[in-house]
Amino acid sequence: MGFADKKIAVIGGGLGGMAFMNSARHAGLKNIHLYEAAPEFTEVGAGVNITRNANRVLDAFGLKDDVLLKSSRDPPSYMEYYHYRTGDFLGQIDEFGDPKSRQIHRAHLLEALRKNVSNELLSTGKRLTTITWDDGKKEYVLSFQDGTSATADIIIGCDGIKSAVRKHLGHEDHPIYSGQMVYRGYVAYEDLSPETAALLRKTANFRGPKKHVLTLPIGNDESNTSRVGIIGFMTEPLEGWTSESWLDKAPIDDFFEHVKDWTGAVQEIIAGLRKGHPDGRILKQTLYVREPTEKWFATESSSASSGIILIGDSVHSTLPHQGQGACMAIESGFALAQVLQQWKTSNLDDALQFFQDLRKPRTDRITKTSAETGKMASCEIPEEKWPEVFNYSVMRERMRWVMEYDLFQDLATKHDALYENTNISLKGPADSTAQEVAV
Ligand SMILES: Cc1cc2nc3c(=O)[nH]c(=O)nc-3n(C[C@H](O)[C@H](O)[C@H](O)COP(=O)(O)OP(=O)(O)OC[C@H]3O[C@@H](n4cnc5c(N)ncnc54)[C@H](O)[C@@H]3O)c2cc1C
């Protein structure tokens, strides 16, 4: 039965929303439309690291070559750690098998995700303002800031951490400031010495007291997209932030103040940023997080197949210290589309409860461990105690369960356990243990 005949509205066309459009296409949900607030589809900011667990989903969409076109290829390790002052190598986390992590500019990932989504299914300049339920017609009415409206049976809120759909569901909580600001920019490899350029062909993490600088080797030489994405996590009071927005520009000098006594490679990064950003300013972002959300959805008592559900940062935002916010949005979108397409009854409440039960333990766990990982990276303990406390085999195990996760298998197994006598046929990628699993 499922909900394939229902009219689905997706709110938000960021990485989560656009990935969901691919999931819907893959699952066979055709009566769907995405509404994005911005005048065009765009992603600002630095690069993003998409790890194995989510790459398996992207590969299932058939997007492997499209993503690899402008992403890094076969990085030697997942991450290497260096001492902020001496530059000494501290340890590393290896990859956990194929497909390996891919570091890519956000705009290039969005471009790949858009490739197979028909323009007819996408609208820009549509900022959702209100949702109302028309009990006569048994449908939702979505009103947009430009005065237009649309209708839907099912609404999927992919509208980010400040989600309007989330507010409609009655969640009045506010995001919490993490205590850190993020400085983001790019450095060209030719602006670095050969030694530092070679070092930054890997994902490097310079760990310091209450601060760390992460570098991502974005893109590849073949497509002329290779450069170093710089993400500086700096502990700062929120009081100094005067911008209305969470994302703004700030002088490179502010970043430099934090790291002026750091190792030579970091000084080269600062010099490279100055060269690459002639106005002397780079992106600066306040880093927020939410407590895990208890209820991800609401359904209508007068219509069993109508409801609203959240995915991505609107419901499971996390600190980025395990690089999983977008990865989780990709996973959640795939699972939700499969459940909507394959559910055996017309009871949306049961379907969405199953979906939440499937995803929430993992997203809650990642949210918790990402906060812990951030504390370990931006060392919050005295430097003399580092050797006792930081154990790289522990760090590695932290990432193992994140990256070895098999969504296709999880969906099959839990569906079996929770809802006997139902039948989901999953289409996973070629290497999935759950390829074409019927449970
Ligand atoms: C410093 C940093 C580094 C990160 N690094 C990684 C990483 O390496 N790997 C990783 O997986 N994740 C990473 N993340 C997390 C990742 O960026 C987010 O989890 C991801 O972008 C969330 O996608 P989303 O689509 O849910 O939300 P968003 O990206 O916020 O997209 C929401 C979309 O909804 C639109 N919208 C908002 N309101 C409305 C409305 N009312 N009506 C219509 N449209 C609306 C917005 O314009 C936007 O396009 C990082 C985050 C940060 C801050």
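Because the structure is predicted, anything quoted here is derived from the model rather than measured. (Residues numbered from 1 in each chain as written. Predicted model: local features only at pLDDT ≥ 70, side-chain atom pairs only at ≥ 80, totals over all residues. Heavy atoms only, no water.)

1. Brief notes about helix α8 (residues 264-276)
Note that an α-helix has 3.6 residues per turn; residues three or four places apart therefore point the same way. Under the 1.5 Å per step criterion, the end-to-end length of α8 is 18 Å for 13 residues, consistent within 8% with the ideal 18 Å. Where α8 is concerned, the buried positions are Ala265, Val266, Ile269, Ile270, Gly272 and Leu273. For α8, the angular spread of the buried residues around the axis is 165°, confining them to a single face. (Helix = DSSP H or I, 4+ residues; strand = E, 2+ residues; numbered from the N terminus. Expected span 1.5 Å × (residues − 1). Buried < 20%, exposed > 50% of the residue type's maximum accessible area, 1.4 Å probe, protein only. Arc of directions from axis to C-beta.)

2. Structural notes on the site of the ligand
As a matter of local geometry, the ligand sits amid 32 residues, with Gly16, Glu36, Asn49, Arg106 and Asp313 nearest to it. Note that an oxygen atom of the ligand is positioned 2.6 Å from one of the side-chain N or O atoms of Glu36. Ala326 is positioned such that a nitrogen or oxygen atom in its backbone is 2.9 Å from an oxygen atom of the ligand. When residues of the shell around the ligand are traced back to their parent elements, those giving at least two are α1 (15-27), β3 (47-50), β12 (176-187), β17 (281-289) and α10 (325-342). Its residues assigned to classes, the shell around the ligand comprises 13 nonpolar, twelve polar and seven charged. (Near = heavy atom within 4 Å. Polar contact = N/O pair within 3.5 Å; in protein donor to acceptor, adjacent residues only side chain to side chain. Nonpolar A, V, L, I, M, F, W, Y, C, P; charged D, E, K, R; others polar.)

3. Here's the deal with the sheet that holds strand β14 (residues 211-218)
Taken together, the eight strands give an open sheet; going across it, the order is β5-β4-β13-β14-β15-β12-β17-β16, and neighbouring strands pair in mixed fashion. Of all strands in the sheet, those bounded by a partner on one side alone are β5 (89-93) and β16 (247-251). Pairwise comparison of adjacent strand axes, ignoring direction, gives a mean angle of 25° for this sheet. Taken together, the four bridges between strand β4 (residues 79-83) and β5 define a ladder with antiparallel strand orientation. Looking at the pairing, Met79 lines up with Ile93 of β5. Against the sheet, α8 makes contact with β12, β13 (204-208), β14, β15 (227-235) and β17, and its axis sits at roughly 70° relative to β12, the strand it touches most. (Pairing = 2+ DSSP bridges. Axes fitted to C-alpha atoms, helices over the stretch in contact; angles between N-to-C directions. Contact = heavy atoms within 4.5 Å.)

4. Some points on the pattern of salt bridges
Applying the stated rule across the entire model yields 27 salt bridges. Measuring nitrogen to oxygen at the nearest pair gives 4.0 Å for the salt bridge that ties Arg396 to Asp94. Of the two residues, Arg396 sits in helix α13 (residues 392-403) while Asp94 sits in the loop between β5 and β6 (102-105), which places them 302 residues apart along the sequence. On the accessibility criterion, Asp94 (32% relative accessible area) is partly exposed. Members of the salt-bridge network, linked through shared partners, are Asp74, Asp98 and Lys100. (Salt bridge = Lys/Arg side-chain N within 4 Å of Asp/Glu carboxyl O.)

5. A closer look at the side chain of His33
Position of His33 relative to the elements: it lies in strand β2 (residues 32-35). Among the polar contacts listed, one links the side chain of His33 to the backbone oxygen of Glu120, at a separation of 3.4 Å.

6. Considering the state of the cysteines
Disulfides are covalent bonds that connect the sulfur atoms of two cysteines. Using the criterion set out here, one finds zero disulfides in the structure. The thiol sulfur of Cys158 is not disulfide-bonded, and the nearest other cysteine sulfur, from Cys327, lies at 16 Å. Residue classification places Cys327 among the buried residues on the basis of a relative accessible area of 0%. (Disulfide = S-S within 2.5 Å.)

7. Some thoughts on the packing of aromatic side chains
In this description, a pair of aromatic rings is defined by centroid distance and the angle of the planes. In total, this model carries twelve aromatic pairs according to the counting rule given. The interplanar angle of 65° and the centroid separation of 5.7 Å between the aromatic rings of Tyr82 and Phe89 together place this pair among those described as edge-to-face. Using a relative accessible area of 46% as the deciding quantity, one classes Phe89 as partly exposed. Aromatic rings pair up to connect Phe61, Phe334 and Phe408 into one cluster. (Phe/Tyr/Trp six-rings, centres within 6.5 Å; stacked < 30°, edge-to-face > 60°.)

8. Overview of the sheet that holds strand β1 (residues 8-11)
Strand order in the open sheet made by the six strands is β7-β2-β1-β11-β19-β18, with mixed pairing throughout. In this open sheet, the two strands that pair with only one neighbour each are β7 (122-123) and β18 (297-300).

9. Describing the confidence of the model for the protein chain
Interpreting fine coordinate detail is not advised for predicted regions of low pLDDT. When the pLDDT values of the protein chain are averaged, the result is 91; 94% of them are 70 or greater. Under a pLDDT of 50 for its full length, residues 420-425 has, in the predicted model, 18 contacts with residues more than four places off or in other chains. Every residue in residues 429-439 scores below 50 in pLDDT, and together they form 35 contacts with partners more than four places removed in sequence or on other chains. (pLDDT = per-residue confidence, 0-100.)

10. Considering the nonpolar core
Among the nonpolar cores identified, the biggest contains 72 residues, and Phe20, Ile156 and Leu340 are the most heavily contacted of them. Counting residues per element, this core draws most heavily on α10, which supplies nine residues. Sequence-distant contacts of Phe20, that is, excluding residues within four places in its chain, are made with Val10, Ile32, Ile156, Ile311, Gly333, Leu336, Ala337 and Leu340. Counting 54 residues, the second largest nonpolar core, distinct from the first, contains Ile93, Leu192, Ile230 and Phe390. (Core = buried A, V, L, I, M, F, W, Y, C linked by side-chain atoms within 4.5 Å.)

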